[in-house]
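These are the residues of each chain, in order.
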2 protein chains.
Amino acid sequence: MAHAGLDTAAVVAAAASLADEQGLEAVTLTAVAATLAVRPPSLYSHVSGLQDLRARVAELAAGELAAALTDAVSGRAAGDALRAAGRAHRAWALAHPGRHAALQFPRPRQHDAVASVVVPMVAVMRGYGLEGEDAIHAVRAVRAAIYGFVALEGGGGFGMPLDPGDSFERLLDLLDDGLQRLSRRS
Amino acid sequence: MAHAGLDTAAVVAAAASLADEQGLEAVTLTAVAATLAVRPPSLYSHVSGLQDLRARVAELAAGELAAALTDAVSGRAAGDALRAAGRAHRAWALAHPGRHAALQFPRPRQHDAVASVVVPMVAVMRGYGLEGEDAIHAVRAVRAAIYGFVALEGGGGFGMPLDPGDSFERLLDLLDDGLQRLSRRS
DNA sequence: CTCCGTTGGCTAAGACACTTAGTTTTACAG
DNA sequence: CTGTAAAACTAAGTGTCTTAGCCAACGGAG
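Predicted, not measured: the structure shown is a model, and the values here were computed from it.

**Topic: the interface of chain A and chain B**
Quoted interface sizes are often the accessible area lost when the parts come together. Each side of the interface is counted separately: chain A has 39 residues, and chain B has 39 residues. Of the roughly 3800 Å² buried at the junction of chain A and chain B (both faces included), carbon and sulfur atoms supply 61%. Here Arg 185 of chain B makes a salt bridge to Asp 177 of chain A, at a shortest N to O gap of 3.5 Å. At the boundary of chain A with chain B, the tally comes to 15 residue pairs in polar contact (both at pLDDT 80 or more). For the side of chain A that touches chain B, the element with the highest residue contribution is helix α7 (residues 132-154) of chain A, accounting for 14 residues. For the side of chain A that touches chain B, the residue count by class is 19 nonpolar, nine polar and eleven charged.

Structural data, given as structure tokens:
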């Protein structure tokens with residue numbers, strides 16, 4: 001039964017799907033191997049081990065998120081771009097909870113992954129007239145707010161029976177207001 | 001060597017300290033037992049298992065964070081209170097990275113823990129004249145922003161060589177501006 | 001002071017996951 | 001057709017969580 005047609009991408013994809021469906025904790029070499037109808041040691045032909053697999057899932061997730069953000073931002077500017085990026089991030093996270101959770105674990109060589117997510121956000125700031133250090137500070141604030149919201153929402157951190165979608169739109173309004181004000185000051 | 005003087009609180013405290021010092025991944029029953037000079041099965045007299053231990057660490061962490069926020073907010077209002085709460089949250093998280101990471105794992109019976117963190121933040125909103133649903137939406141926005149910032153910072157999510165402390169102060173300014181504007185509208 | 005029950009520790013052992021080593025089988029190139 | 005390398009396998013070692021059952025120490029009742 002050699003050559004079942006596996007490769008690294010297939011293994012990582014299976015792990016990411018498993019994470020979305022059963023939670024990040026369920027991503028074990030045994031479970032992933034079972035998904036692929038293969039014995040656990042066979043995965044070592046494509047991945048160095050569990051740590052490596054998790055790191056690759058995080059990398060995959062960062063790439064997908066970056067693509068979603070880049071797509072959302074293209075053709076828009078300032079407030080439109082900010083809202084589109086925020087909604088795209090939230091929608092992606094709600095659709096892929098396991099992948100989003102995987103982003104939380106920082107791993108070596110993640111520098112490129114972070115950069116790919118930051119690039120479209122810097123472009124958004126350009127629409128507000130923010131450049132250089134101001135843009136970086138602003139990107140950090142916006143990323144923190146959106147990421148934190150999605151993380152709290154996904155983790156059940158909102159106890160009150162109030163639509164998180166409404167809260168999120170208000171958060172975007174608040175960020176837009178704040179960035180407009182910064183824009184006017186500079 | 002019976003009766004080594006353990007109890008549930010001591011076990012949870014040891015686990016929390018271990019999480020801060022060596023990361024949340026290092027919190028295993030074996031490691032905690034070693035810290036306490038006890039064999040792993042002995043921990044079952046005080047804790048139902050690993051899941052229970054982690055849940056209790058999260059509960060402890062939420063309580064400590066809530067206490068820090070409550071303390072920071074007392075005697076202040078509006079912008080002062082917001083900034084004090086934000087700085088207290090960030091300082092606590094930087095001092096206790098493992099406990100902060102433990103907050104990310106939602107567990108049953110965490111309702112009270114969430115509530116204890118939310119209460120002081122609702123008090124802050126009162127200082128801005130925000131009540132009811134407006135206050136809840138605002139608390140969600142502020143919690144998300146601060147929590148997200150601390151999580152990204154702690155996870156190495158900021159790649160650029162720019163002081164995170166400055167970024168955080170700007171985030172607090174942005175939130176304060178936004179809440180003031182909401183205040184004026186209502 | 002002694003005795004006994006409860007408590008909280010222990011050892012032993014099973015189940016499960018990760019990982020390494022070494023083997024076998026398959027696909028493809030020459 | 002044959003040989004080689006890739007990719008799967010089985011077997012086995014290690015470490016962790018967890019359960020089961022045992023034993024010692026503390027503390028109150030007589």
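**Details of the packing of helix α1 (residues 8-22) of chain A against helix α3 (residues 50-73) of chain A**
All names here are of chain A. As a packed pair, α1 and α3 sit with axes 9 Å apart at the nearest point and diverge in direction by 80°. Judged by the inter-axis angle, α1 sits roughly perpendicular to α3. Contacts from Thr 8, Val 11, Val 12, Ala 15 and Ala 16 of α1 reach α3 at Leu 53, Arg 56, Val 57 and Leu 60. Class assignment for the residues of the contact of α1 with α3 results in seven nonpolar, one polar and one charged.

**Some remarks on the protein's contact with DNA strand D**
Around DNA strand D lies a shell of 20 residues, among which Arg 39, Ser 42 and His 46 of chain A together with Leu 29 and Leu 50 of chain B are the nearest. Among atoms of DNA strand D positioned within 4 Å of the protein, sugar and phosphate together represent 76%. One of the side-chain nitrogen or oxygen atoms of Ser 42 of chain A is found 2.3 Å away from a phosphate oxygen of DNA strand D. Across the surface near DNA strand D, the residue classes break down as ten nonpolar, nine polar and one charged.

**Observations concerning the relation of the copies chain A and chain B**
Superposition record for chain A on chain B: RMSD 0.1 Å, screw rotation 180°, translation along axis 0.0 Å. Such a combination of turn and shift is consistent with a two-fold rotation axis.

**Description of the pattern of salt bridges**
Where charged atoms of side chains with opposite charge meet at close range, the side chains can pair. Residue and element names in this part refer to chain B. The final tally for this structure, using the stated rule, is 20 salt bridges over all chains. A salt bridge links Glu 153 to Arg 90; the nearest nitrogen and oxygen atoms lie 2.8 Å apart. Of the two residues, Glu 153 sits in helix α7 (residues 132-154) while Arg 90 sits in helix α4 (residues 78-95), which places them 63 residues apart along the sequence. For Glu 153, a relative accessible area of 17% translates into the label buried.

The rules behind these values
- Residues numbered from 1 in each chain as written.
- Chains lettered and ligands numbered in written order.
- Predicted model: local features only at pLDDT ≥ 70, side-chain atom pairs only at ≥ 80, totals over all residues.
- Heavy atoms only, no water.
- Contact = heavy atoms within 4.5 Å.
- Buried area = accessible area lost by both parts, 1.4 Å probe.
- Salt bridge = Lys/Arg side-chain N within 4 Å of Asp/Glu carboxyl O.
- Polar contact = N/O pair within 3.5 Å; in protein donor to acceptor, adjacent residues only side chain to side chain.
- Helix = DSSP H or I, 4+ residues; strand = E, 2+ residues; numbered from the N terminus.
- Nonpolar A, V, L, I, M, F, W, Y, C, P; charged D, E, K, R; others polar.
- Axes fitted to C-alpha atoms, helices over the stretch in contact; angles between N-to-C directions.
- Parallel < 35°, antiparallel > 145°, perpendicular 65-115°, else oblique.
- Near = heavy atom within 4 Å.
- Least-squares fit on C-alpha atoms with pLDDT ≥ 70 in both.
- Buried < 20%, exposed > 50% of the residue type's maximum accessible area, 1.4 Å probe, protein only.

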